[in-house]
Amino acid sequence: MVKILEIRWHGRGGLGAVTSAELVARAAISEGKYAQSFPSFGPERRGAPVLAFLRVSDEVIKSRTVIYKPDVVAVLDPGLLYAVDVTSGLKENGKIIINSRKSLAGLKSEFGYKWPVAAVNATKIARETIGLPITNTALIGALLKVTEIVKMDSLVTQLQERFGPRAKANIEAMKRAYDETVVKE
């Protein structure tokens, strides 16, 4: 059976959930893996809830559906934890990555998560590195720490290609979040 890592990104329009999925997919493809990324949104505006999906595998991916049973959920905006069931369909052995300034114990207690949780204050990191509260590249760093889905260098290349002169700050945000992400089983 083909092992596919499926990730569902929960964000808001303008926070970069769609861009995150695309950048990680491109990095995976650059490493010779198979990947697909796609968004799910309608006529939403900046700030409205958005979903993005990412699949990565060492073999051809035949599925073309929305990800209903993700291995990982990544939450770019902690406010969504109160508005959406981000864990809907999360596999029994799944993982949750959250942009939050709350402690892991606080998150697990408040929301009753039975899955491993990883948290990082991506908003603070983004403000301090890129000067804006756009959390996507920081959450990519957290995703790398939790899953090792691709190599950091592959993502550095993708960030350089995507952001040009702004890449340096985004790379710093990604690396810093990788270092600062805390995981609790």
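All values derive from a computational prediction rather than experimental measurement.

Caption draft 1: Highlighting the pattern of salt bridges. For the structure on display, the rule yields 11 salt bridges. For Glu22, the salt bridge goes to Arg26, with nearest N and O atoms at 3.0 Å. Taken together, the residues span about one helical turn, with Glu22 and Arg26 both in helix H1 (residues 17-30) at a distance of 4 residues. Residue class for Glu22 comes out partly exposed when judged on its relative accessible area of 24%. Taking the relative accessible area as the measure of exposure, Arg26 reaches 44% and is therefore partly exposed. Sharing partners across several salt bridges, the network here consists of Lys3, Glu6, Arg55, Asp71 and Lys91.

Caption draft 2: The arrangement of the packing of helix H3 (residues 122-129) against helix H6 (residues 167-180) in detail. Taken N-terminus to C-terminus, the directions of H3 and H6 make an angle of 145 degrees; their axes are 9 Å apart at the nearest point. Between H3 and H6 lies a crossing of right-handed hand. Facing Lys124, Ile125, Glu128 and Thr129 of H3, the residues of H6 in contact are Ala169, Glu172, Ala173, Arg176, Ala177 and Glu180. Partitioning the contact of H3 with H6 into residue classes produces 4 nonpolar, 1 polar and 5 charged.

Caption draft 3: Fine view of the packing of aromatic side chains. Scanning the model with the defined rule gives 3 aromatic pairs in all. Relative to Phe53, the ring of Phe38 lies with its centre 5.3 Å away and its plane at 35 degrees, an arrangement referred to as tilted. One end of the pair, Phe38, is in strand E2 (residues 34-40); the other, Phe53, is in strand E3 (residues 49-57), with 15 residues separating them in the sequence. Relative accessible area serves as the criterion here: at 22%, Phe38 is assigned to the partly exposed category. Judged by centre distance (5.5 Å) and plane angle (15 degrees), the rings of Phe111 and Tyr113 are stacked. Phe111 sits in the partly exposed class, given a relative accessible area of 23%.

Caption draft 4: Representation of H1 within the structure. The terminal C-alpha atoms of H1, which comprises 14 residues, lie 20 Å apart, in line with the 20 Å expected from a rise of 1.5 Å per residue. Against the buried residues of H1 lie strand E1 (4-12), E2, E3, helix H4 (136-147) and helix H5 (152-163). One or two steps after H1, the chain reaches Gly32, where phi turns positive at roughly 90 degrees.

Caption draft 5: Structural context of the packing of H4 against H6. Closest axis-to-axis distance for the H4/H6 pair is 7 Å, and the angle between their directions is 40 degrees. Of the possible angle classes, the one that applies to H4 and H6 is oblique. The element H4 and its partner H6 pack so that their crossing is right-handed. Contacts from Thr137, Ala138, Ile140, Gly141, Ala142, Leu144 and Lys145 of H4 reach H6 at Asn170, Ala173, Met174, Ala177, Tyr178 and Asp179. In terms of residue class, the contact of H4 with H6 is made up of 8 nonpolar, 3 polar and 2 charged.

Caption draft 6: Highlighting the nonpolar core. Core analysis: the biggest nonpolar cluster contains 40 residues, and Trp9, Leu54, Ile97, Ile149 and Leu155 have the highest contact counts within it. Ignoring any residue separated from it by four or fewer positions in sequence, one finds Ile97 in contact with Val72, Val73, Ala74, Val75, Ala118, Leu139, Ala142, Leu143 and Val146. Counting residues in each nonpolar core, the second largest holds 14 residues, with Val86, Leu90, Ile98 and Leu107 among its members.

Thresholds, definitions, all that
- Residues numbered from 1 in each chain as written.
- Predicted model: local features only at pLDDT ≥ 70, side-chain atom pairs only at ≥ 80, totals over all residues.
- Heavy atoms only, no water.
- Salt bridge = Lys/Arg side-chain N within 4 Å of Asp/Glu carboxyl O.
- Helix = DSSP H or I, 4+ residues; strand = E, 2+ residues; numbered from the N terminus.
- Buried < 20%, exposed > 50% of the residue type's maximum accessible area, 1.4 Å probe, protein only.
- Axes fitted to C-alpha atoms, helices over the stretch in contact; angles between N-to-C directions.
- Left-handed = near helix turned anticlockwise from the far one by under 90°.
- Contact = heavy atoms within 4.5 Å.
- Nonpolar A, V, L, I, M, F, W, Y, C, P; charged D, E, K, R; others polar.
- Phe/Tyr/Trp six-rings, centres within 6.5 Å; stacked < 30°, edge-to-face > 60°.
- Expected span 1.5 Å × (residues − 1).
- Parallel < 35°, antiparallel > 145°, perpendicular 65-115°, else oblique.
- Core = buried A, V, L, I, M, F, W, Y, C linked by side-chain atoms within 4.5 Å.

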